[in-house]
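Next come the chains, spelled out residue by residue.
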Amino acid sequence: SSETFWTTTGMFPQEFIIGFPKCVKISKVAIQCYLVRTLRIERSISKDPVGFEQCIEKDLQHTEGQLQMEEFPLPDFQATYLRFIIKSAYDHFVSVHRVMAEGT
């Protein structure tokens, strides 16, 4: 539901980690967020959320009053954990409304 969301506490960087039950193949990650300026996505293929490596870092376009919707194609990509790091923002607080990972 886009009515629920995770919000930052005001200082940057901020991060959250999404874990899968086992290592999965991901073909695309999509995110719906608000006021995020720079986003980095990292992955880990370990059993525990350690040893992350950077996959994507992107400056998102400012969309006043609307959710930002970004898709990141990830060919031949495997992960057990995804770490999303919000490095900077267009305001003091940002929100993340949805994260979707497609694959097998």
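The structure this text deals with has already been given above.
Right, let's walk through the structure included here. (Residues numbered from 1 in each chain as written. Predicted model: local features only at pLDDT ≥ 70, side-chain atom pairs only at ≥ 80, totals over all residues. Heavy atoms only, no water.)

**Re the environment of isoleucine 45**
Topologically, isoleucine 45 is positioned in the loop between β3 (36-44) and β4 (53-59). Excluding residues within four positions of it along the chain, isoleucine 45 makes contact with Cys23, Gln78, Ala79 and Thr80. (Helix = DSSP H or I, 4+ residues; strand = E, 2+ residues; numbered from the N terminus. Contact = heavy atoms within 4.5 Å.)

**Comments concerning the packing of aromatic side chains**
Scanning the entire structure with this criterion turns up two aromatic pairs. By the ring-pair criterion, three or more aromatic residues cluster together here, those being Trp6, Phe16 and Phe84. If you follow arginine 43 out to its NZ or CZ, it ends over the ring of phenylalanine 77, 5.0 Å from the centre. Of note, arginine 83 hangs over the ring of phenylalanine 52, and the distance from its end group to the ring centre comes to 4.1 Å. (Phe/Tyr/Trp six-rings, centres within 6.5 Å; stacked < 30°, edge-to-face > 60°. Lys NZ or Arg CZ within 6 Å of the ring centre and 35° of its normal.)

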